[in-house]
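# Examination of the molecular architecture
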Amino acid sequence: MIAAPESGLTERDIVERAVHLRPVLLERQPETERLTHYPKDTHDDFLRAGFYRILQPRRYGGYEFALPVFYRVVTEIARGCPSTGWALSLTAAHVLQVATLFEERAQDEIFGADGDHVVLDGTWPYSSGAPYSTHYVGQTLRAPDHPGGPPGPPVLFVAPRAVWTVLDDWHGVLGLRGSGSNSIHMEQARIPAYLTRQASLLDLPVEGGSVGSALHGNPMYAGRAPSFFHGELAAIMIGTAYAAADEYARVIADRPLVLEPDRTRGELHDYQRHLGEALGVIHTAEAALHRTAEEWMETCRRNAHGGAPFTTAEDNRLALMFLNAGRMTWDVLQGTLFRTAGSRYARDGERMQRYFRDAATYWTHVGPGMAEPLARRVGCDRLGLPSGHIPLIP
């Protein structure tokens, strides 16, 4: 058992730390985009705050806080800087899958508790948060049994930092420019077999509990990944929408009217209504995020304690709820806040432009692209029809 750095840290404490960091992250936004990842000072802030340990098991020096707490921290960090929130979430979150699926020996090694090998060769793009990551959690297909044959089943693996390199290729993107979503490259990388699992993140075998829920005595480590992942994206988007609302309130309060320079746009009914309507939608999306996160936790509890399995149908339902929360915030950010702020705030260097670019990049991500197949799956599940054959990713 490894002691956590701060044994008395509470869930409220760690959320408040994220809130207090928002102004700092706001000022670091230009540097983060210039570097294409958040600066070392931000990484050090996160280490001190304990953000990387939120979902990490207590057995390995983590805080093992509940999922809603993780999402709250991600939302607050994204409100300070969407790129930084994206990178934090998509790195710290993989702790949950590792702690769920991998055997004790693998977790001892991965989390630093103090045969056979698989060889990996290739490049994995869009590895968000790679510049500061200690491990890479990835997927590949097993090599064909014979030359020219079909690839084998999917393999989930954890690769230590020593066997891969980060490519300097996260440039020329529309948004999330500071998310460090570089490609990583491996050449004949030897990975112990116990750091691999024949499984897909889109269909983790957790019915009745998992290796991790038994090892850690916590049902949170017996949940499916797709719905959890959609919750991550929703938390980031909600934080981004709050950031846009913060900026909108600032610019309309500062911008004088052309014909009445002693008054500002903030005094006009239309702009007050735009802001209020936007905040209403964002608040609703945030409420949906946290309620769905609680449902995810409850589904894990029933699964691990024999009440009811965490089925694909439950995963579909929860994933669609999370996705809808993210979609609501995209709609109000681009359709109300960005549209009515004024074209001067669409210039390079303006925060409103940055938030629009970041949110638009989210909207092109594979996650929101699952909306239609997820909706069809949920409909089929309700009708008692098979839905597993409907691919989430084309």
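Description of the structure in this document. Note that residues are indexed from 1 along each chain, following the sequence as it is written. Local features in this predicted model are restricted to residues whose pLDDT is 70 or higher, and side-chain atom pairs enter the listing and the counts only when it is 80 or higher, whereas totals over whole chains, interfaces and linings include all residues. With hydrogens and water set aside, each side-chain value is computed from the structure's full complement of heavy atoms.

## A closer look at the overall build of the chain
For the chain, the count of helices and strands is 12 helices and six strands. Its C-alpha radius of gyration of 22 Å places the chain within 12% of the 21 Å reference for a compact globule of 394 residues. With the C-alpha coordinates of the chain rotated into their principal frame, the extents come out at 75 × 50 × 50 Å. Partly exposed residues are those whose accessible area sits between 20% and 50% of the maximum for their type, while under 20% is buried and over 50% is exposed, using a 1.4 Å probe and protein chains only. Burial status across the chain gives 53% buried among its 394 residues. Here the chain displays about 17400 Å² of accessible surface, and carbon together with sulfur accounts for 53% of that area. Separation between the mean location of the 38 positive side-chain charges and that of the 46 negative ones in the chain comes to 3 Å. Secondary structure is summarised from DSSP: a helix means a run of H or I of at least four residues, a strand means a run of E of at least two, and numbering begins at the N terminus for each. When we talk radius of gyration, it's over C-alpha atoms, and the globule rule is simply 2.2 Å times the number of residues to the 0.38. Only the protein chains shown count as covering a residue, and every accessible area follows the Shrake-Rupley method with a 1.4 Å probe. When charges are counted, neither His nor the chain ends are considered; positive counts come from Lys and Arg and negative counts from Asp and Glu. Just so you know, the charge point we use is NZ for Lys, CZ for Arg, CG for Asp and CD for Glu.

## Some details on a nonpolar patch on the surface
A cluster of nonpolar residues, Leu202, Val366 and Ile393, forms a patch on the protein surface that exposes about 210 Å² of accessible area. Examined against the element boundaries, leucine 202 turns out to sit in the loop between β6 (196-197) and α7 (211-216). By relative accessible area, leucine 202 is classed as partly exposed at 36%. Patches were defined on residues exceeding 30% relative accessible area and lacking a salt bridge, with like-charge contacts within 9 Å and nonpolar side-chain contacts (Val, Leu, Ile, Met, Phe, Trp, Tyr) within 5 Å. Put simply, a salt bridge is a Lys or Arg side-chain nitrogen that is within 4 Å of an Asp or Glu carboxyl oxygen.

## Here's the deal with the pairing of strand β3 (residues 154-160)
Burial of β3 is extensive: five of the seven residues sit out of reach of the surface. Being paired, for any two strands, means DSSP has found at least two bridges between them. Across seven bridges, the pairing between strand β2 (residues 135-141) and β3 is antiparallel. Each residue of the ladder has a partner; that of valine 137, found in β3, is valine 158. With two bridges connecting them, β3 and β6 associate as antiparallel partners. Opposite leucine 156, over in β6, you have arginine 197 as the bridge partner.

## Focus on the packing of aromatic side chains
In summary, the pairing rule links any two rings of Phe, Tyr or Trp, Trp by its six-membered ring, whose centres are within 6.5 Å, and it sorts them by plane angle into stacked for under 30 degrees, edge-to-face for over 60 and tilted for everything else. Counted by the stated rule, this structure contains 20 aromatic pairs. Between tyrosine 63 and phenylalanine 65, the ring centres sit 5.6 Å apart and the planes meet at 15°, which makes this aromatic pair stacked. Geometrically, the ring pair formed by tyrosine 71 and phenylalanine 228 is stacked, given 6.2 Å between the ring centres and 25° between the ring planes. We classify tyrosine 71 as buried; its relative accessible area is 0%.

## Quick word on the side chain of glutamate 286
Looking at where glutamate 286 falls in the secondary structure, it is placed in helix α9 (residues 269-304). A polar side-chain atom of glutamate 286 sits 2.7 Å from a polar atom in the side chain of tyrosine 242. Note on contacts: a residue pair is in contact if any heavy atoms of the two residues lie within 4.5 Å. With residues near it in sequence (within four places) discarded, glutamate 286 still touches Thr75, Ile238 and Tyr242. Pairing of N or O atoms within 3.5 Å defines a polar contact, subject to two protein rules: one partner must be a possible hydrogen donor and the other a possible acceptor, and residues neighboring in sequence count only if both atoms are side-chain atoms.

## Some details on the sheet that holds β3
In space, the three strands of this open sheet follow the order β2-β3-β6, with antiparallel pairing throughout. Since the sheet does not close on itself, it has two edges, and those belong to β2 and β6, each with one partner.

## Comments concerning the packing of helix α1 (residues 11-35) against helix α11 (residues 351-363)
Angles shown run from 0 to 180 degrees and are taken between the N-to-C directions of axes, each axis being a line fitted to C-alpha atoms and, for helices, limited to the stretch in contact. It is the contact of α1 with α11, at a shortest axis distance of 12 Å, that shows an interaxial angle of 60°. Relative to α11, the element α1 lies oblique. Pair α1 / α11 crosses with left-handed handedness. In this structure, α1 contributes Leu26, Glu27, Gln29, Pro30 and Glu33 to the contact, and α11 contributes Arg351, Arg354, Tyr355, Arg357 and Asp358. Residue classes follow a fixed rule: Ala, Val, Leu, Ile, Met, Phe, Trp, Tyr, Cys and Pro count as nonpolar, while Asp, Glu, Lys and Arg count as charged, and any other residue, Gly among them, counts as polar. Broken down by class, the residue content of the contact of α1 with α11 amounts to three nonpolar, one polar and six charged. Any angle that is under 35 degrees is reported as roughly parallel, and any over 145 degrees as roughly antiparallel; angles of 65 to 115 degrees are reported as roughly perpendicular and all others as oblique. Throughout, a crossing is termed right-handed when the near helix is turned clockwise from the far one, and left-handed when it is turned anticlockwise from it by less than a right angle.

## Description of the pattern of salt bridges
Under the defined criterion, the tally for this structure stands at 26 salt bridges. We note a salt bridge from glutamate 247 to arginine 250, for which the minimum N-O separation is 2.7 Å. Of the two residues, glutamate 247 and arginine 250 are both situated in helix α8 (residues 225-254); the distance of three residues between them amounts to about one turn of the helix. Judged by relative accessible area, which is 4%, glutamate 247 ranks as buried. For arginine 250, a relative accessible area of 38% gives the class partly exposed. Put simply, arginine 317 and glutamate 314 hold a salt bridge, and the shortest N to O gap is 3.2 Å. Remark: glutamate 314 and arginine 317 occur in helix α10 (residues 312-341); sequence separation between them is three residues, near one turn of the helix. Judged by relative accessible area, which is 26%, arginine 317 ranks as partly exposed. Look at the salt bridges and you will find they share partners, linking Glu295, Glu298, Arg301, Arg302, Glu314 and Arg317 into a network.

## So, unusual backbone geometry
We note that threonine 36 has phi near 70°; this positive angle belongs to a residue other than glycine. Here threonine 36 lies in the loop between α1 and α2 (40-49). One non-glycine residue with positive phi stands out, namely tyrosine 126, at about 55°. You can see tyrosine 126 is positioned in strand β1 (residues 117-127).

## Observations regarding the environment of methionine 237
Along the chain, methionine 237 falls in helix α8. Distance in space between the C-alpha atoms of methionine 237 and arginine 327 is 8.4 Å, their sequence separation being 90 residues. Setting aside chain neighbours within four positions, we find methionine 237 in contact with Gly326, Thr329, Trp330, Ala359 and Tyr362.

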